[in-house]
Amino acid sequence: MRSSEVYGRARNYRMIFGQVWDKLSEPLLKTTSEAEVVQAFEAHAPQYHREFVPSLARLIFEVVHHPKFPKRREPQINYLADSLAALGRVTPKRSREIVAQALAKERAKLKHRVLRREFYIECTCGYEGPAYKGKCPRRHPDKAKNELLDFIYQPRIF
Ligand SMILES: [Zn+2]
């Protein structure tokens, strides 16, 4: 299973749990068996339960009753979503690690995204160098330049 697939599923599960958590969390955290996990999903996440139960009921039961299961809403949602994202093919902990690594990569990408792309210009004023927002950084009226461009790009019939 590719890490991008695990990460994609974690994002999807986070969104789903975000929608149903207010109703689902209490009954889910009180479950005493896998069967009760199935019931909780059927009753409180009816539009999504087939995605999670019965296939992941055992895993869900283990994850929500783990001593390290978070106490607050958002961390609970993320912890459960990330733990399930590998569908039990690796341990919940390994699944969360895969998601965390993908998230870190994603954040690094955002940090280094290009905000403005500039090009190199030779202006009629004599300036040569990188443009500023697509224009000459000397910020003079660019009438002369426009006239020159008109001259250059005017279709000519010979
Ligand atoms: Zn200029």
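Heads up: these notes are all about the structure in this document. These figures come from a predicted structure and were not determined experimentally.

Rules used throughout
Residues numbered from 1 in each chain as written. Predicted model: local features only at pLDDT ≥ 70, side-chain atom pairs only at ≥ 80, totals over all residues. Heavy atoms only, no water. Helix = DSSP H or I, 4+ residues; strand = E, 2+ residues; numbered from the N terminus. Contact = heavy atoms within 4.5 Å. Areas by Shrake-Rupley, 256 points an atom, 1.4 Å probe, with all protein chains shown as cover. Donors = N, O, S within 2.8 Å, 3.2 Å for Na, K, Ca; no water. Buried < 20%, exposed > 50% of the residue type's maximum accessible area, 1.4 Å probe, protein only. Expected span 1.5 Å × (residues − 1). Arc of directions from axis to C-beta.

1. Here's the deal with the overall build of the protein chain
- Scanning the protein chain from N- to C-terminus turns up seven helices and two strands.
- Reading the protein chain from its N terminus to its C terminus gives the helix and strand order α-α-α-α-α-α-β-β-α.
- Partitioning the intrachain contacts of the protein chain with sequence separation of at least 6 by distance along the chain shows that 48% fall at a separation of at least 24.
- Only carbon and sulfur atoms are counted for the fraction: they give 54% of the accessible area of the protein chain, which is about 11,200 Å².

2. Observations regarding the coordination of the zinc ion
- Looking at the zinc ion, one finds its protein donor set to be Cys123 (SG), Cys125 (SG), Cys136 (SG) and His140 (NE2), positioned 2.0 to 2.3 Å from the metal centre.
- Each donor residue of the zinc ion lies on one chain, and together they are spaced C-x1-C-x10-C-x3-H. Here Cys125 is found in the loop between β1 (120-122) and β2 (128-130), whereas its partner His140 is found in the loop between β2 and α7 (143-153), with 15 residues between them in sequence.
- Taking the relative accessible area as the measure of exposure, Cys125 reaches 33% and is therefore partly exposed.
- Relative accessible area serves as the criterion here: at 26%, His140 is assigned to the partly exposed category.

3. Re unusual backbone geometry
- With omega at 5°, the peptide bond leading from Val53 into Pro54 counts as cis.
- Here Pro54 is to be found in the loop between α3 (49-52) and α4 (57-64).
- Of note in the backbone geometry, Leu87 takes a positive phi value of approximately 55° without being a glycine.
- Locating Leu87 in the fold gives a position in the loop between α5 (73-84) and α6 (92-111).
- Residue Leu87 is classed as partly exposed on the basis of its relative accessible area of 27%.
- For Arg139, which is not glycine, the phi torsion reads 55° and is therefore positive.
- Judged by relative accessible area, Arg139 falls into the exposed class, the value being 64%.

4. Points about the side chain of Ser83
- Within the secondary structure, Ser83 is located in helix α5.
- You can call Ser83 buried: its relative accessible area is 1%.
- The contacts of Ser83, once residues within four sequence positions are left out, are Leu59, Val63, Pro92, Ser95 and Arg96.

5. Focus on α6
- For α6, built from 20 residues, the straight-helix expectation of 28 Å at 1.5 Å per residue is met to within 8% by its first-to-last C-alpha distance of 29 Å.
- When α6 is considered as a whole, its buried residues turn out to be Ser95, Ile98, Val99, Ala102 and Leu103. Angular distribution of buried residues about the axis of α6 spans 130°; they occupy a single face of the element. In α6, the exposed positions that point more than 90 degrees away from the buried face belong to Lys93, Arg107 and Lys111.
- For α6, the elements touching its buried residues are α1 (3-29) and α5.

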